Amino acid sequence: MKRILILGLAIALGACSTAQQQTAQQDAAKAQQIIANGCLIVQPTLESVQVIDPALTPFVVANGAFCAAVSNVNVTSLSTMVGTSIPQAEKLVQSSTLIPADQKPIIIGSLTAFQVALSSALVVFNQAPVTPVAPAPASAASGV
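Residues numbered from 1 in each chain as written. Predicted model: local features only at pLDDT ≥ 70, side-chain atom pairs only at ≥ 80, totals over all residues. Heavy atoms only, no water.

Q: Talk me through the confidence of the model for the protein chain; I want residue IDs and the actual numbers.
A: Taken residue by residue, the protein chain gives an average pLDDT of 74. The fraction at 70 or more is 67%. When the criterion is pLDDT under 50, residues 1–10 qualifies, and its contacts beyond four places in sequence or with other chains add up to zero contacts. The low-confidence segment residues 12–16, where pLDDT is below 50, has zero contacts with residues more than four positions distant or belonging to other chains. (pLDDT = per-residue confidence, 0-100. Contact = heavy atoms within 4.5 Å.)

Q: Can you tell me about the state of the cysteines, naming the residues and giving the values?
A: A complete count under the given rule lists one disulfide for this structure. Note that Cys 39 is cross-linked by a disulfide to Cys 67, the S-S spacing being 2.1 Å. Classification of the bridge connecting Cys 39 and Cys 67 rests on its S-S torsion, roughly -85 degrees, and on that basis the disulfide is left-handed. Placement of the pair is Cys 39 in helix α1 (residues 2–52) and Cys 67 in helix α2 (residues 57–68), with a sequence separation of 28 residues. (Disulfide = S-S within 2.5 Å. Helix = DSSP H or I, 4+ residues; strand = E, 2+ residues; numbered from the N terminus.)

Q: With reference to specific residues and values, describe the layout of surface pockets.
A: Reported here for the largest pocket is a volume of approximately 790 Å³. The wall of the largest pocket is formed by 31 residues, among which Val 42, Leu 46, Phe 59, Asn 63 and Met 81 lie closest to the centre. Where the lining of the largest pocket is concerned, the elements lending two or more residues are α1, α2, α3 (75–95) and α4 (104–124). Classifying every residue of the lining of the largest pocket gives 23 nonpolar, seven polar and one charged. (1 Å grid on protein atoms, 1.4 Å probe; cavity = no way out; pocket = protein on both sides within 12 Å on 5 of 7 lines; lining within 4 Å. Points joined across faces, edges and corners; volume = space filled by probe spheres on them. Nonpolar A, V, L, I, M, F, W, Y, C, P; charged D, E, K, R; others polar.)

This is the structure:
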């Protein structure tokens, strides 16, 4: 009887683990599709804006590389995005002359929220994100 109970418990635990793995794989596939869809909109828009503001070139190149690699998105690429790409985007927003000063804090706040969300996702997967570069204070972004 004990053996049957232990066997049943082992099967139940194994099924939970398999179900959780399948859910994680499905979530990852869904996230990749969402990112790919976003790249179809964001990258051409960035390229158009880059024509007007060449200061965006490094971010456009980085975003293009990220979009090209979206099918291979993994913990490492997300960690790098959290630690380097998002802070670089914040700096570019701050230095852009095309973005109105009163809109910069909104954009920086959105990027920061995205950075926090990705960092939280990495924590869930027990991965330490690359240490983010601290963005400039909001007062610098608004030109105050």
